[in-house]
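Below are the chains, spelled out letter by letter.
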Amino acid sequence: FKRIEGEMTYAFAEEQFGGALDGLAIFANGSINSAKVAIDPNNPGSGSLQDKSAPFWTAAGGLVFKNNGWKLSLIDKLTGQQYMDAPSKRAADTVAGQDFYRLPAYNKMDFTGSYDFGQISVASHLSLGVGIYNILNVRNVVSIGINDKSAAAGNGSTAGAATASSALDLANRMNSLDQYYFMPARSYQVTLKATF
């Protein structure tokens, strides 16, 4: 496993912009990953391919604000392309020269916010929080449970499935026993928290 990762954060100071951005920070990070394993574990000379469920890259970026009882964050996390099948199976199961179970990159953006009311009655702190998860309502396929004996099983659009460019193409393979897991739809959460 090899990885190159970088991260940057910039926090605005109180004296900048007349203090209007005090408590705000901007951050970004990213990585390039190589997680290669032998195609044939018993034959090291068989070559190597990226391991299953190991993204080629990851990235994240967003805004974080914390000031006067407020805590707010808007964060977008990106996951790069990844394979769902093992290298040994991938080397044998190709369609039109492309790896069949390769998922495209996808992202998930979340917003969370809370306000701390401070001490109220017997509670040392009372805070109210809200969260909006998967703001953009991205519904990409994020995992595949492989049950087919062959990548070409079924009568569906194997060309679409080869690049995973369309969830409809992936899930539309007739007679396939594979299971497709989609990112959950946009969701909301409200939290009231008291500490004693």
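Look a little higher up for the structure.
All values derive from a computational prediction rather than experimental measurement.

> I tried to follow the overall build of the chain on my own but got confused; where do I start?
Within the chain, the regular secondary structure consists of three helices and 15 strands. Out of the 196 residues belonging to the chain, those deemed buried represent 28%. The contacts of the chain with a sequence gap of at least 6 include a subset with a gap of at least 24, amounting to 65%. Accessible surface, the chain: about 11700 Å² in total, of which carbon and sulfur atoms supply 57%.

> Sorry, what's going on with the pattern of salt bridges here?
Side-chain pairs of opposite charge can arise where the charged atoms are in close proximity. Scanning the model with the defined rule gives two salt bridges in all. Arg-3 is paired through a salt bridge with Glu-5; the nearest N and O atoms lie 3.1 Å apart. The exposure class of Arg-3 is partly exposed, given its relative accessible area of 43%.

> Is there a simple way to explain unusual backbone geometry in this structure?
Peptide bonds are, in most cases, trans, and in most cases residues other than glycine have a negative phi. The phi angle at Ser-53 is positive, at roughly 60 degrees, despite the residue not being glycine. Position of Ser-53 among the secondary structure elements: in the loop between strand S4 (48-50) and strand S5 (57-67). In this structure Ser-53 comes out as partly exposed when scored by relative accessible area, which is 46%. One non-glycine residue, Asn-134, adopts positive backbone phi at about 60 degrees. Secondary-structure assignment places Asn-134 in the loop between strand S12 (125-133) and strand S13 (141-145). The class for Asn-134 is buried, based on a relative accessible area of 2%.

> I'm lost on the packing of aromatic side chains in this one. Help?
Centre distance and the angle of the planes are the two values used to describe a pair of aromatic rings. For the structure shown, the criterion picks out five aromatic pairs. Relative to Phe-12, the ring of Tyr-10 has its centre 5.1 Å away and its plane inclined at 90 degrees; by these criteria the two rings are edge-to-face. A connected cluster of aromatic rings, assembled from ring pairs, spans Tyr-10, Phe-12 and Phe-17.

> Which parts of the structure should I look at to understand a nonpolar patch on the surface?
Together, Phe-117, Ile-120, Leu-128, Val-130, Val-190 and Leu-192 give the surface a local cluster of nonpolar side chains, amounting to about 570 Å² of exposed area. Broken down by secondary-structure element, the contributors of at least two residues to the nonpolar patch are S12 and strand S15 (187-195).

> How do you make sense of the environment of Lys-108 when you look at a structure like this?
Topologically, Lys-108 is positioned in strand S11 (residues 106-116). Measuring from C-alpha to C-alpha, the distance between Lys-108 and Asn-134 comes to 5.3 Å, with 26 residues separating the pair along the chain. In contact with Lys-108, other than residues within four places in its own chain, are Ile-75, Asp-76, Lys-77, Tyr-133, Asn-134 and Met-183. A polar side-chain atom of Lys-108 sits 2.8 Å from a polar atom in the side chain of Asp-110.

Conventions and cut-offs
- Residues numbered from 1 in each chain as written.
- Predicted model: local features only at pLDDT ≥ 70, side-chain atom pairs only at ≥ 80, totals over all residues.
- Heavy atoms only, no water.
- Helix = DSSP H or I, 4+ residues; strand = E, 2+ residues; numbered from the N terminus.
- Buried < 20%, exposed > 50% of the residue type's maximum accessible area, 1.4 Å probe, protein only.
- Contact = heavy atoms within 4.5 Å.
- Areas by Shrake-Rupley, 256 points an atom, 1.4 Å probe, with all protein chains shown as cover.
- Salt bridge = Lys/Arg side-chain N within 4 Å of Asp/Glu carboxyl O.
- Phe/Tyr/Trp six-rings, centres within 6.5 Å; stacked < 30°, edge-to-face > 60°.
- Patch = residues over 30% accessible without salt bridge, like charges linked within 9 Å, V, L, I, M, F, W, Y side chains within 5 Å.
- Polar contact = N/O pair within 3.5 Å; in protein donor to acceptor, adjacent residues only side chain to side chain.

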